[in-house]
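Here is what each chain is made of, one letter per residue.
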Amino acid sequence: MIRQTDEAIRRAITSKRLVRFQFHGCLRVAEPHDYGVRNGAVQLLVYQVGGESRSGKLPNWRWIVVDDVTALEVLEQTFPGGRDVPSGAHSKWDELYLRVAGRGRA
């Protein structure tokens with residue numbers, strides 16, 4: 001299952017496709033942006049655009065611990081690519097596996 005999740009995340013990022021998944025009891029729909037190891041855990045930085053959230057308004061940035069994800073699906077719907085972040089800086093990663101290409105770039 002871990003390998004399937006990893007492959008699905010990588011496919012979604014490289015093809016700029018939305019993902020749908022369960023996380024902490026909520027069904028979420030999001031743009032996957034960054035994927036790697038952060039604070040010792042495999043994580044995904046997403047821009048959540050739909051579904052449920054207990055922690056705030058949508059759309060918004062969310063950190064997702066991949067081990068806590070279930071029922072991950074890569075959707076047909078695409079998104080334009082990288083988004084600007086309020087701070088203007090990328091997050092610090094222990095190891096970055098993959099980052100979505102910016103808008104207008106392949």
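Residues numbered from 1 in each chain as written. Predicted model: local features only at pLDDT ≥ 70, side-chain atom pairs only at ≥ 80, totals over all residues. Heavy atoms only, no water.

## A closer look at the pairing of strand β1 (residues 17-23)
The pairing of β1 with strand β5 (residues 69-78) spans 5 bridges and is classified as antiparallel. Bridging from a neighbouring strand, Phe 23 pairs with Val 69 of β5. As paired elements, β1 and strand β2 (residues 26-38) share 5 bridges and run antiparallel to each other. When the sheet's bridge partners are listed, Phe 23 is paired in β2 with Cys 26. The turn linking β1 back onto β2 is made up of 2 residues, and His 24 within it adopts a positive phi angle of 50°. (Pairing = 2+ DSSP bridges. Helix = DSSP H or I, 4+ residues; strand = E, 2+ residues; numbered from the N terminus.)

## A word on helix α1 (residues 2-15)
Over its 14 residues, α1 extends 20 Å from the first C-alpha to the last, a length consistent with the 20 Å expected when each residue adds 1.5 Å. Along α1, the residues classified as buried are Thr 5, Ala 8, Ile 9, Ala 12 and Ile 13. Within α1, the buried residues cover an arc of 130° as seen down the axis, which keeps them to one side. Exposed side chains of α1 directed beyond 90 degrees from the buried face belong to Arg 3, Gln 4 and Thr 14. Buried residues along α1 sit against β1, β2, β3 (41-51), β5 and β6 (95-99). Lys 16 sits one or two residues past α1 and shows a positive phi near 50°. (Expected span 1.5 Å × (residues − 1). Buried < 20%, exposed > 50% of the residue type's maximum accessible area, 1.4 Å probe, protein only. Arc of directions from axis to C-beta. Contact = heavy atoms within 4.5 Å.)

## So, the nonpolar core
Core analysis: the largest hydrophobic core is formed by 18 residues, its most contacted members being Ile 9, Ile 13, Phe 21, Tyr 35, Leu 44 and Ile 64. Broken down by secondary-structure element, the contributors of at least two residues to this core are α1, β1, β2, β3 and β5. Here Ile 64 is in contact with Phe 21, Phe 23, Val 42, Gln 43, Leu 44, Val 46 and Val 69, once residues within four sequence places are set aside. (Core = buried A, V, L, I, M, F, W, Y, C linked by side-chain atoms within 4.5 Å.)

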